[in-house]
Amino acid sequence: MKQLLILITLFSWALGISAQEKGKVKTVEDTYLYEIPSNVSYAQACQFALVKAQNAAIEKEFGTSVSQNDVVLISNDNGQSSTSFHSMTSGQVRGVWLGDVAEPKFERLLDGGRDLLKVTVKGKIRELVTAGVEFEAKPLRIQPDKKLTSDTFKNGEDFFLYFKSPVDGYLTVFLFDILTNQVFCMLPYQSSGKGSFAVTHEKEYYLFSAAKADPADGEVDEVVLTCSEGNTEEYNNLYVIFSPNNYAKISSKVGQKQLSDDLIVPSSLDYKEFNAWLTKYQQKDEQMQVERIPIRIENN
């Protein structure tokens, strides 16, 4: 039996808005109750619950965008054809979390044997009026190989990042060390003297790998992830920030704390300052996309 699958996209976003229209920026506050699964640690639960609380706050303010794909399946069996029709819908919150106004609050509750986590968030959000650039960002362990994608690392393992964008643009990568509450600028490389890493569309990048680097990239900073002695595991957040616009024009400096209209990318600062910097520039540049990737490091 031969089957021919024809995917017909009749429409995508239920609400189409002019690309020139600016997304509204609002300050919101919300509380979310998350039931902790038995196989999830408290630290992991905080990560999951935080994202869910942020999305819940965005949904209450701006709602969700519904997309629909209609699929026609045509089958041919010994000259007899038949046609079936399927409709699939999916939803996505119509906004992005720009940054915290107040630090998230976590409270663990027990309710009749249920292990619950109450998280309260307050922050700035922006309405999505156009679809952002859909780039690929994948953490890689041990070797710069796309097949080795993982968000869990062993103490002392090498870290690489795969990146690909459909458009030219500029990239920065930060690592938030939750244990120390410090954020470190990983990309651009320290030797570059630039405020961001220039990206060519459709080119595959294996960042933090000297073997896979382009000579024009200069000296590559190689990264090894470690877990502090005495800890069984630690959690970091990777912030991958991309924009078609060159939002970072001035070289970063170690210990740089100046956050002004001079578009300085900080190299090392605490999370509160980083959050303020990121919130500010997401409001300046509506094409800026931010992907937060939780990273887990296990002690051997």
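Residues numbered from 1 in each chain as written. Predicted model: local features only at pLDDT ≥ 70, side-chain atom pairs only at ≥ 80, totals over all residues. Heavy atoms only, no water.

### Regarding the pairing of strand 6 (residues 114-127)
Heads up, the condition is: Residue burial is assigned from relative accessible area. The probe radius is 1.4 Å, only protein chains are included, and a residue is buried under 20% of its type maximum, exposed over 50%, and partly exposed in between. Only DSSP runs of H or I with at least four residues qualify as helices, and only runs of E with at least two residues qualify as strands; both kinds are numbered from the N terminus onward. Being paired, for any two strands, means DSSP has found at least two bridges between them.
Of all 14 residues that make up strand 6, 10 are buried, and the element is covered over most of its length. With 11 bridges connecting them, strand 2 (residues 25-35) and strand 6 associate as antiparallel partners. Across the sheet, Asp30 pairs through a bridge with Val121, a residue of strand 6. Of the pairings in the sheet, the one linking strand 5 (residues 95-111) to strand 6 comprises 13 bridges and is antiparallel in character.

### Examining helix 1 (residues 42-62)
Residues spaced three or four apart along an α-helix point in a common direction, a consequence of the helix completing one turn every 3.6 residues. Note the cut-off: To estimate the expected span of a helix, count its residues, drop one, and scale the result by 1.5 Å.
For helix 1, spanning 21 residues, the distance from its first C-alpha to its last is 30 Å, which sits close to the expected 30 Å at 1.5 Å a residue. Every buried residue of helix 1 is listed here: Gln44, Ala45, Cys46, Gln47, Ala49, Leu50, Ala53, Gln54, Ala56, Ala57, Ile58 and Phe62.

### Observations concerning the sheet that holds strand 6
The condition is simple: Note on definitions: angles span 0 to 180 degrees between N-to-C directions of axes, and those axes are lines fitted to C-alpha atoms, for helices only across the stretch in contact. Pairs of residues are marked as contacts when any of their non-hydrogen atoms sit within 4.5 Å.
Judged by pairing direction, the sheet is antiparallel, and its 3 strands sit side by side in the order 2-6-5 without closing on themselves. Of all the strands in the sheet, just strand 2 and strand 5 have a single pairing partner and so form its edges. Neighbour-to-neighbour, the strand axes of the sheet open up by a mean angle of 15 degrees, direction not taken into account. Strands strand 2, strand 5 and strand 6 of the sheet are contacted by helix 1, whose axis makes an angle of about 135 degrees with strand 2.

### A word on the packing of aromatic side chains
Let me state the cut-off plainly: Any Phe, Tyr or Trp ring, taking Trp's six-membered ring, that has another such ring centre within 6.5 Å forms a pair; planes under 30 degrees apart are called stacked, those over 60 apart edge-to-face, and the others tilted.
Evaluation of the coordinates by the stated rule reveals 13 aromatic pairs. Between Phe135 and Phe163, the aromatic rings sit 5.3 Å apart at their centres with planes inclined by 35 degrees, giving tilted as the arrangement. Residue Phe135 is found in the loop between strand 6 and strand 7 (136-141), and its partner Phe163 is found in strand 9 (residues 157-164); the two are separated by 28 residues along the sequence. Phe163 shares its class with Phe135; the two are buried.

### Brief notes about the pairing of strand 17 (residues 289-298)
Where strand 8 (residues 152-154) and strand 17 come together, 3 bridges link them in parallel fashion. Looking at strand 17, one finds that Lys154 is bridged to Glu298. Inspection of the sheet shows strand 15 (residues 233-243) paired to strand 17 by 10 bridges, in the antiparallel sense. Following the sheet pairing, Glu233 is matched in strand 17 by Glu298.

### Some remarks on the side chain of Glu157
Applied cut-off: The definition of a polar contact used here is a pair of N or O atoms within 3.5 Å, where within protein one atom must be able to donate a hydrogen and the other to accept one, and adjacent residues in sequence count solely through side-chain atom pairs.
Its location among the elements puts Glu157 in strand 9. A polar contact of 2.5 Å, which involves the side chain of Glu157, links it to the side chain of Arg141.

### Quick notes on the pattern of salt bridges
So the rule is basically this: By definition, a salt bridge exists where a carboxyl oxygen of Asp or Glu is found within 4 Å of a side-chain nitrogen of Lys or Arg.
Here the structure, examined in full by the defined rule, presents 12 salt bridges. With a shortest N-O distance of 3.1 Å, Asp30 and Lys60 are connected by a salt bridge. Within this pair, whereas Asp30 is found in strand 2, its partner Lys60 is found in helix 1, the two being separated by 30 residues in sequence. Assessed through its relative accessible area of 10%, Asp30 is described here as buried. Members of the salt-bridge network, linked through shared partners, are Lys154, Glu233, Arg296 and Glu298.

### So, the environment of Ser209
Relative to the assigned elements, Ser209 resides in the loop between strand 13 (205-207) and strand 14 (223-225). Along the chain, Ser209 and Pro144 lie 65 residues apart, while their C-alpha atoms are 6.6 Å from each other. Excluding residues that lie within four positions of it along the chain, Ser209 makes contacts with Pro144, Phe160 and Val220. Here Lys212 takes part through its backbone nitrogen, which lies 3.2 Å from a polar atom of the side chain of Ser209.

### As for the confidence of the model for the protein chain
The predicted coordinates of low-pLDDT regions are not to be read in fine detail. To keep things clear, this is the line we draw: For every residue, the pLDDT score states the predictor's confidence, bounded by 0 at the bottom and 100 at the top.
Per-residue confidence for the protein chain averages 76 on the pLDDT scale, and 74% of its residues sit at or above 70. Confidence drops under pLDDT 50 across residues 1-20; counting only partners more than four residues distant or on other chains, this segment forms 38 contacts. Residue range residues 250-263 is modelled with pLDDT below 50. Its contacts to residues more than four positions away, or to other chains, number 38 contacts.

### Some words on unusual backbone geometry
A cis amide bond links Leu187 with the next residue in sequence, Pro188, at an omega value of 15 degrees. Looking at the element boundaries, Pro188 is found in the loop between strand 11 (182-187) and strand 12 (197-199). One non-glycine residue with positive phi stands out, namely Asn181, at about 65 degrees. Among the secondary structure elements, Asn181 is positioned in the loop between strand 10 (169-177) and strand 11. Residue Glu202 is not a glycine yet carries a positive backbone phi of 65 degrees. Relative to the helices and strands, Glu202 is located in the loop between strand 12 and strand 13.

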